[in-house]
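Coordinate inspection notes
In case you want the letters, here they are:
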Amino acid sequence: MAETGTPFDVVVLGGGSGGYATALRAAELGLDVALVEAHKLGGTCLHNGCIPTKALLLAAELADNAREGSAYGVLSQLQGIDMNGVNAYKDGVIAGLYKGLQGLIKSRKITVIEGHGTLVAADTVEVAGQRYTGKNVVLATGSYARSLPGLEIGGRVITSDQALNLDYVPKSAIVLGGGVIGVEFASVWKSFGADVQIIEALPHLVPNEDESLSKALERAFRKRSIGFTLGDRFSGVTQDDSGVHVTLESGKTFDADLLLVAVGRGPRTADLGYEAQGITMDRGFVIVDERLHTGVGNIYAAGDIVPGLQLAHRGFAQGIFVAEQIAGLNPTPIVESGIPRVTYCEPEVASVGLTEAKAKELHGADGVETLEYNLAGNGKSKILGTTGFVKLVRQKDGPVVGVHMVGARVGELIGEGQLIVNWEAYPEDVAALVHAHPTQNEALGEAHLALAGKPLHAHN
């Protein structure tokens, strides 16, 4: 095996959100960095995750706007969806961001090694017969679209990877999984004119969210005529020229053009040499301590392969943390509950901090107060024609520990929400801040006014 010369300070395996953030921050701190990537820099998020799905969701919003224009006195109508045009727009967004990222990596003098890398020693990664050593190694190999045991992907049974590149709008679709990916695709396809049915084994859509958000999303989806079956498990699927035929454990059956398997993402760690180096694994995930160290040599891990929220911005934050840890800056560990979460369907769902149930688990049923402020009292939400609410969870006589929102565009409000939770603000602190009028942002101000005991646009 050919060995490269001087060891790098850091060898990063994977160029997605976690890996490239590690590389950029480490290079900024004066470390010599090698970044190994088998496909394209930017990983899942940029090429077949967050960015392309949000581009489709914007096109879906425009379709709804055109269809509903007359309600606002705008005589528009939806003539149809040109998927080639939608895909060209989506791919243009990706291409621009990809080019920018490549330029950024190049400008920081990071050595990019193209190819499939495996860990062959505690300080060595092998790519195409070439070995690269690093004083520190960071594992950031990301995730893949999972399926269920015995459920073959192929033909009319697809994952989000294929769904993002469809060149037509299905007449009907069944979405297996009511989590973030499932509800986002259901929302897009419904706006594009498809009949959609979601199948979720758990009792609610977006089951990781506060139950009140799940119920509100279910009401909104019913109103949009998006079908869903809850608390019923998938049993099997057959496909033929006419479509897919899905059976549930209860005996219910559904037929459609396509079945989208959206049952979550698995860690991409198989056959990469991790176990052989003594790294502790659990169902494919890499187990780390609070400093993201694996307990083996100077090997760290970041992003979707670390158990927890599989979010691009979490991977990004962890990448920065690992780089600073390696550079000896002793950064503060990331608090998982303080990471904001957004589901970009229509209506949007956004949250940060503890759900009501989790807060009661931690502080006792009597140690928690909640408040819901309805967007009906918010001028900008009225203009947008959206319904929903802001729900606050606080420790009794203490700080706000959770902010949970549902409604059009509420994802844009989560920035203030995460400051409130992470800075452990009291309702009185936020109530004293002036929120611009008319914005949806005022809803956060009003909710805190109400929780501080002085509601203005809400009933006591």
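Below you will find a few notes about this structure. Computed from a predicted structure; not experimentally measured.

1. Description of the overall build of the protein
Each helix and strand in the protein was counted, giving 13 helices and 25 strands. For a compact globule of 460 residues, the expected C-alpha radius of gyration is about 23 Å, and the protein comes in at 23 Å, within 12% of that figure. Split into buried and exposed, the 460 residues of the protein put 53% on the buried side. In the protein, the proportion of contacts linking residues at least 24 apart, taken out of those at least 6 apart, comes to 63%. Total accessible area computed for the protein in this model is approximately 20900 Å², and 51% of it derives from carbon and sulfur atoms. Positive and negative side-chain charges in the protein, numbering 37 and 52 respectively, have mean positions lying 3 Å apart.

2. Remarks on the nonpolar core
The biggest cluster of nonpolar side chains holds 37 residues, and the ones touching the most others in it are Trp189, Ile198 and Phe221. Contributions of two or more residues to this core are made by helix H3 (50-68), helix H4 (83-107), strand S10 (172-176), helix H6 (180-191), strand S11 (195-200), helix H7 (211-223) and strand S16 (258-261).

3. Focus on the sheet that holds strand S13 (residues 234-240)
Judged by pairing direction, the sheet is antiparallel, and its three strands sit side by side in the order S13-S14-S15 without closing on themselves. Edge positions in the sheet fall to S13 and strand S15 (253-256), since each has one partner strand and no second. Strand after strand, the sheet turns through a mean of 15° between neighbouring axes, direction not considered. Sheet topology places strand S14 (residues 243-248) next to S15; four bridges connect them, and they run antiparallel. Paired with valine 244 across the two strands is alanine 256, which belongs to S15.

4. Some points on the pattern of salt bridges
Within the structure shown, the criterion is met by 15 salt bridges. Between glutamate 184 and lysine 54 there is a salt bridge, and its shortest N-O distance comes to 3.0 Å. A residue pair is termed long-range when its members are at least 10 positions apart, and glutamate 184 in helix H6 and lysine 54 in helix H3 qualify at 130 residues. Residue glutamate 184 is classed as buried on the basis of its relative accessible area of 5%.

5. Comments concerning the pairing of S13
Judged from the six bridges that link them, S13 and S14 form a sheet pairing that is antiparallel. Bridging from a neighbouring strand, glutamine 239 pairs with valine 244 of S14.

6. As for the sheet that holds strand S21 (residues 341-343)
Spatially, five strands are ordered S21-S22-S25-S24-S23 in an open sheet, and the strand pairing comes out antiparallel. The open sheet has two edge strands with one neighbour each: S21 and strand S23 (368-374). Strand-to-strand twist in this sheet, taken as the mean axis angle between neighbours without regard to direction, amounts to 10°. Across six bridges, the pairing between strand S22 (residues 348-353) and strand S25 (residues 400-407) is antiparallel. Along S25, the bridge assignment pairs glycine 353 with glycine 402. Helix H11 (residues 414-422) contacts S21, S22 and S25 of the sheet and is inclined by roughly 165° relative to S25.

7. Brief notes about H3
The end-to-end C-alpha separation of H3 is 27 Å, in line with the 27 Å expected for 19 residues at 1.5 Å each. Taken residue by residue, H3 has Pro52, Thr53, Ala55, Leu56, Leu57, Ala59, Ala60, Ala63, Asp64 and Ala66 as its buried positions. Looking at the buried residues of H3, the elements they touch are helix H2 (43-48), H4 and H6.

8. Overview of the packing of H3 against H4
Following both chains from N to C, one finds H3 and H4 inclined at 140°, their axes separated by 9 Å at the closest point. One finds that H3 runs oblique with respect to H4. The hand of the H3/H4 crossing is right-handed. For the pair H3 and H4, contact is made by Ile51, Pro52, Ala55, Leu56, Leu58 and Ala59 and by Val86, Tyr89, Lys90, Val93, Ile94 and Leu97, respectively. By residue class, the composition of the contact of H3 with H4 is eleven nonpolar, no polar and one charged.

What counts and how
- Throughout this description, residue numbers start from 1 for each chain and increase along the sequence as written.
- For this predicted model, a pLDDT threshold of at least 70 governs which residues receive local features, and a threshold of 80 or more governs which side-chain atom pairs are given and counted, while totals over whole chains, interfaces and linings are taken from all residues.
- The side-chain values count all of the structure's non-hydrogen atoms but skip hydrogen atoms and water molecules.
- A run of DSSP states H or I qualifies as a helix once it reaches four residues; a run of E qualifies as a strand once it reaches two. Both are numbered from the N-terminal end.
- In this description the radius of gyration comes from C-alpha coordinates, and the expected globular size is given by 2.2 Å times residues to the power 0.38.
- Throughout this description, buried means an accessible area under 20% of the type-specific maximum (1.4 Å probe, protein chains only), exposed means over 50%, and partly exposed covers the range between.
- Whether two residues are in contact is decided by their heavy atoms, any of which lying within 4.5 Å being enough.
- What sets the accessible areas is the Shrake-Rupley method with a 1.4 Å probe; for residues, cover comes only from the shown protein chains.
- In this tally, Lys and Arg are treated as positive and Asp and Glu as negative; His is ignored, and so are the chain termini.
- Charge positions come from single atoms, namely NZ of Lys, CZ of Arg, CG of Asp or CD of Glu.
- Side-chain atoms within 4.5 Å link the members of a nonpolar core, which is a set of buried Ala, Val, Leu, Ile, Met, Phe, Trp, Tyr and Cys residues.
- When DSSP finds two or more bridges between a pair of strands, those strands are recorded as paired.
- Working convention: axes come from line fits to C-alpha atoms, limited for helices to the stretch in contact. Angles between N-to-C directions cover 0 to 180 degrees.
- We count a salt bridge whenever a side-chain nitrogen from Lys or Arg sits within 4 Å of a carboxyl oxygen from Asp or Glu.
- Helix span, as expected, comes to 1.5 Å for every residue beyond the first.
- Oblique is the label for every angle not falling under 35 degrees (roughly parallel), over 145 degrees (roughly antiparallel), or within 65 to 115 degrees (roughly perpendicular).
- Note on convention: the crossing is left-handed when the near helix lies turned anticlockwise from the far helix by less than a right angle, right-handed when the turn is clockwise.
- All amino acids are sorted into three groups, where Ala, Val, Leu, Ile, Met, Phe, Trp, Tyr, Cys and Pro are nonpolar, Asp, Glu, Lys and Arg are charged, and the leftover types, Gly among them, are polar.

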